[in-house]
Amino acid sequence: MYKFRSNPFPVLIIFTFIITFITTYTSSSVSAQEQIDPFYTNLLHKGVQSFVAGNYKDAVKELELANFGLYGRDNLMAKACIYLGLSYYYLKDNVKSEKYLRDAENLLGDKGFQSIDMDDSARAVLQKLLLTFKMAEPPPPPPIAPMLKKNTKKPAANLNLIRELERKIKAKPKDVPLYYDLYALHMENNKQKDALKTLRNLLKKNPDEFIGYHLSGKIQYHLRKCKDAEKSFTKLFELSRKSPIAERILIESRAYLILCAHIRRDKKRESKIAVASLELFTKDAIDSLNLAERDKVLLHTIIENYKNKQN
């Protein structure tokens, strides 16, 4: 019988060709995904700069083109989508604003919006929009300094910080976090009137900043300016009809409204709010509020009196 003896070299040559082809194709494919034309990354940077400068129409043109060329780089695409969403918000197109923010959310997945490096003022607007479009839990409120904290530092020690923040606010009057930093600094120094003035300036430039009304109301209450406090908390509830506000903030504000009416001896107003809140303000609920102990005791007494009247 004839035995076929194959030459191994042609087989090796063919095998080597196949491996080389596969390796070259795969590496070129990966390289194509990893390498992005600098033109598009520069456009992304330019679009962000246009947004920061307030040129929202230019930002949209630049970012939409950048977004097209950034395919395969999820983080960069997400950043472009976020700034597109913010730009369209300022151009009063909420449909496109929500669309791009949801695109960014899908691209980021579990990493979330916090993984994207952003300007603080832009992030503050983003958090507001995420609430408006019901895309995220309400962000935690800014740190609230204790109302009656004793000043353990010399006022001069923080004077430079205060002046620096005031300069920054003057340069960026709509940068919300700067106001809260200055507010907290005044509260640390037990300068409640200065803290209140800072919040008023914040609300002049950012009238929909609901946390500002909440904190203003708390200071006004502790200064026993209860009429002013009622106006601040009432404005907060007006804003809650337009955009979602954390339940904890609304409950605490309602508690202060009851206390304000009680101190002002406005029985009609006190009764109206308290009776509507009987099921809400259980003992445990009152204990969990961020109120001074004496205010918790007073609120508990008021609520119990109205409960007893109904029995």
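Here's a quick rundown of the structure. (Residues numbered from 1 in each chain as written. Predicted model: local features only at pLDDT ≥ 70, side-chain atom pairs only at ≥ 80, totals over all residues. Heavy atoms only, no water.)

A word on unusual backbone geometry. Positive phi, normally seen in glycine, also occurs at Arg 224, with a value near 60 degrees. By the secondary structure assignment, Arg 224 is in the loop between helix H10 (210-222) and helix H11 (226-240). You can call Arg 224 partly exposed: its relative accessible area is 43%. Phi is positive for Arg 265, close to 60 degrees, though the residue is something other than glycine. Turning to its location among the elements, Arg 265 is positioned in the loop between helix H12 (247-263) and helix H13 (267-275). (Helix = DSSP H or I, 4+ residues; strand = E, 2+ residues; numbered from the N terminus. Buried < 20%, exposed > 50% of the residue type's maximum accessible area, 1.4 Å probe, protein only.)

Next up on the list: the packing of H13 against helix H15 (residues 293-310). Remark: H13 packs on H15, axes separated minimally by 10 Å, with the N-to-C direction vectors making an angle of 80 degrees. Between H13 and H15, the interaxial angle falls into the category roughly perpendicular. Here H13 contributes Lys 267, Glu 270, Ser 271, Ala 274 and Val 275 to the contact with H15, which in turn contributes Ile 302, Ile 303, Tyr 306 and Gln 310. Of the residues belonging to the contact of H13 with H15, the class tally is five nonpolar, two polar and two charged. (Axes fitted to C-alpha atoms, helices over the stretch in contact; angles between N-to-C directions. Parallel < 35°, antiparallel > 145°, perpendicular 65-115°, else oblique. Contact = heavy atoms within 4.5 Å. Nonpolar A, V, L, I, M, F, W, Y, C, P; charged D, E, K, R; others polar.)

On to the environment of Leu 185. Turning to its location among the elements, Leu 185 is positioned in helix H8 (residues 176-188). Using a relative accessible area of 9% as the deciding quantity, one classes Leu 185 as buried. The sequence separation of Leu 185 and Leu 161 amounts to 24 residues, and the corresponding C-alpha distance is 8.4 Å. Once residues within four sequence positions are removed from consideration, Leu 185 is found in contact with Asn 158, Leu 161, Ile 162 and Leu 165.

Residues Lys 174, Lys 193, Lys 197, Arg 200, Lys 204, Lys 205 and Lys 225 make up a contiguous surface patch of positive charge. Along the chain, the position of Lys 193 falls in helix H9 (residues 192-205). On the accessibility criterion, Lys 193 (62% relative accessible area) is exposed. (Patch = residues over 30% accessible without salt bridge, like charges linked within 9 Å, V, L, I, M, F, W, Y side chains within 5 Å. Areas by Shrake-Rupley, 256 points an atom, 1.4 Å probe, with all protein chains shown as cover. Salt bridge = Lys/Arg side-chain N within 4 Å of Asp/Glu carboxyl O. Lys, Arg positive; Asp, Glu negative; His and termini not counted. Charge placed at Lys NZ, Arg CZ, Asp CG, Glu CD.)

Looking now at the pattern of salt bridges. Should the charged atoms of two oppositely charged side chains come close, the side chains can pair. Following the criterion strictly, the structure yields 14 salt bridges and no others. Lys 267 is the partner of Glu 270 in a salt bridge, and the nearest nitrogen-oxygen pair spans 3.7 Å. One end of the pair, Glu 270, and the other, Lys 267, are both in helix H13, three residues apart, so they sit about a helical turn from each other. Among the residues examined, Glu 270 registers a relative accessible area of 3% and is labelled buried. Between Lys 307 and Glu 304 there is a salt bridge, and its shortest N-O distance comes to 4.0 Å. Of the two residues, Lys 307 and Glu 304 both sit in helix H15, three residues apart, roughly one turn of that helix. Overlapping salt bridges, with partners in common, bring together Glu 230, Arg 264, Asp 266 and Arg 269 in one network.

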